[in-house]
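So you can see what is in the structure, the chains are spelled out below.
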Amino acid sequence: MVYPNNRAIILFSGGIDSTVALAVALDKGRDCFCLSFDYGQRHKVELSAAEKICLHYGLKQKTIKIDPHCFAGSSLVDHNIEIPKGRTEQEILSSGTQNTYVPARNTIFMSYAMGYAEILDACEIYVGLNKMDRGGYPDCRPEFIEAFQGVINVATKQSTERDPPEIVTPLIDLDKVEIVALGTELSAPLGITHSCYSPTAEGLAC
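Residues numbered from 1 in each chain as written. Predicted model: local features only at pLDDT ≥ 70, side-chain atom pairs only at ≥ 80, totals over all residues. Heavy atoms only, no water.

Novice: Hey, could you go over helix 5 (residues 142–155) for me, with residue numbers and the actual values?
Specialist: Look at helix 5: 20 Å from first C-alpha to last across 14 residues, which is about the 20 Å you get at 1.5 Å a residue. Buried positions along helix 5 lie against helix 4 (105–120), strand 4 (124–126), helix 6 (157–161) and strand 5 (166–168). (Helix = DSSP H or I, 4+ residues; strand = E, 2+ residues; numbered from the N terminus. Expected span 1.5 Å × (residues − 1). Contact = heavy atoms within 4.5 Å.)

Novice: Could you give me a rundown of the state of the cysteines, with the residues and numbers involved?
Specialist: Here a disulfide denotes one covalent bond, and it connects the sulfur atoms of two cysteines. Under the criterion given, the structure shown has 0 disulfides. In this model C32 remains outside any disulfide bridge; the closest cysteine sulfur is found in C34, 6.4 Å from its own. Given a relative accessible area of 5%, C32 falls into the buried group. In this structure C123 is a free cysteine whose sulfur lies 9.4 Å from that of C32, the closest cysteine sulfur available. (Disulfide = S-S within 2.5 Å. Buried < 20%, exposed > 50% of the residue type's maximum accessible area, 1.4 Å probe, protein only.)

Novice: Help me get a handle on the sheet that holds strand 4, residues and values and all.
Specialist: Hydrogen bonds between backbone groups are what pair the strands of a sheet, and the pairing can be parallel or antiparallel. Read across the sheet, 5 strands follow the order 3-2-1-4-5 without closing on themselves; strand pairing throughout is parallel. Each having just a single partner strand, strand 3 (60–65) and strand 5 make up the two edges of the open sheet. Each neighbouring strand pair of the sheet contributes to a mean axis angle of 25°, computed without reference to strand direction. Where strand 4 lies against strand 5, 3 bridges are found, and the strand directions are parallel. Paired with I125 across the strands is I167, a residue of strand 5. Set on the sheet, helix 2 (residues 45–57) makes contact with strand 2 (31–38) and strand 3; between it and strand 2 the angle comes to about 165°. (Pairing = 2+ DSSP bridges. Axes fitted to C-alpha atoms, helices over the stretch in contact; angles between N-to-C directions.)

Novice: Go over the packing of helix 4 against helix 5 with me, naming the residues and quoting the values.
Specialist: Following both chains from N to C, one finds helix 4 and helix 5 inclined at 35°, their axes separated by 11 Å at the closest point. The hand of the helix 4/helix 5 crossing is right-handed. Only F144, F148, V151 and I152 of helix 5 make contact with helix 4, whose side of the interface consists of N106, T107, M110, S111 and M114. When the residues that make up the contact of helix 4 with helix 5 are grouped by side-chain class, the tally is 6 nonpolar, 3 polar and no charged. (Left-handed = near helix turned anticlockwise from the far one by under 90°. Nonpolar A, V, L, I, M, F, W, Y, C, P; charged D, E, K, R; others polar.)

Novice: How would you sum up the pattern of salt bridges? Please name residues and give values.
Specialist: Evaluated as defined, the whole model comprises 6 salt bridges. A salt bridge links E124 to R30; the shortest N-O distance between them is 2.6 Å. Here E124 is found in strand 4, whereas its partner R30 is found in the loop between helix 1 (16–27) and strand 2, with 94 residues between them in sequence. Taking relative accessible area as the criterion, R30 reaches 22% and is therefore assigned partly exposed. Residues D38 and K65 are paired through a salt bridge, measuring 3.4 Å at the closest nitrogen-oxygen approach. Of this pair, D38 sits in strand 2 while K65 sits in strand 3, and the two are 27 residues apart along the sequence. Shared partners join several salt bridges into a network, and the residues in it are K28, R30 and E124. (Salt bridge = Lys/Arg side-chain N within 4 Å of Asp/Glu carboxyl O.)

Novice: For the environment of D27, give the residues involved together with the corresponding values.
Specialist: With respect to the secondary-structure elements, D27 resides in helix 1. The class of D27 is exposed, set by a relative accessible area of 59%.

Novice: Please give an account of the nonpolar core that cites residues and values.
Specialist: Among the nonpolar cores identified, the biggest contains 28 residues, and I9, L11, L35, F37, M110 and I125 are the most heavily contacted of them. Going through the elements one at a time, strand 1 (7–11), strand 2, helix 4 and helix 5 are the ones with two or more residues in this core. At 6 residues, helix 4 tops the list of elements feeding residues into this core. Those residues within four positions of I125 in sequence are excluded, and the remaining contacts are I9, M110, A113, M114, A117, I152, E166, I167 and V168. C34, C54, Y126 and V168 belong to the second-largest nonpolar core, a separate cluster that totals 14 residues. (Core = buried A, V, L, I, M, F, W, Y, C linked by side-chain atoms within 4.5 Å.)

Novice: A description of the environment of D139 should follow, citing residues and the corresponding values.
Specialist: Tracing the chain through its elements places D139 in the loop between strand 4 and helix 5. C-alpha of D139 to C-alpha of V102: the two residues are 37 residues apart in sequence and 9.4 Å apart in space. What D139 contacts, discounting residues up to four positions off in sequence, is Y101, V102, R105, N106, L129 and F144.

Note that every value here comes from positions in space, so none of it alone points to a role or purpose.
The structure is reproduced here in structure tokens:
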């Protein structure tokens, strides 16, 4: 593929996964633009972490506000639904779709990323999907990424004039231990990330 620049859009929550994905992009010499989302999530403290990490790297960030009613039915926005805790890795992988699954969230996020890739003429879109997400989240699986890449390939000005942006998932086959190890190797600021869905009133991880 041939691109006029090395710009990349990073879907950025401020959690460990997206931070390590960002670190991978920076290590590859990409000019990164971070895209975050405020959708009424219970763990909104992650957005503060995202801002701090962007300041740490000196990067531009855009936070998009989405009506939380779009995502009703998920424990991440509905305080009446309990967020599961204390499960083993096997329980997580074998329990089917999680109640923390947010309907169409990644499809919407990816659509915004596709739009910003057009605006900034970016060559890549980085997403921090990982091995642990596959079981409980249909929109975190390799086949979802492949399908959305197909949309990008036919639905953008970039795709009609030259090469469309490529979705990059550097963590897709890694578990959490491997992700932390990679982040440490890349000197990612893991200490200021936030990855808990049910933080305390003070914003600390549960």
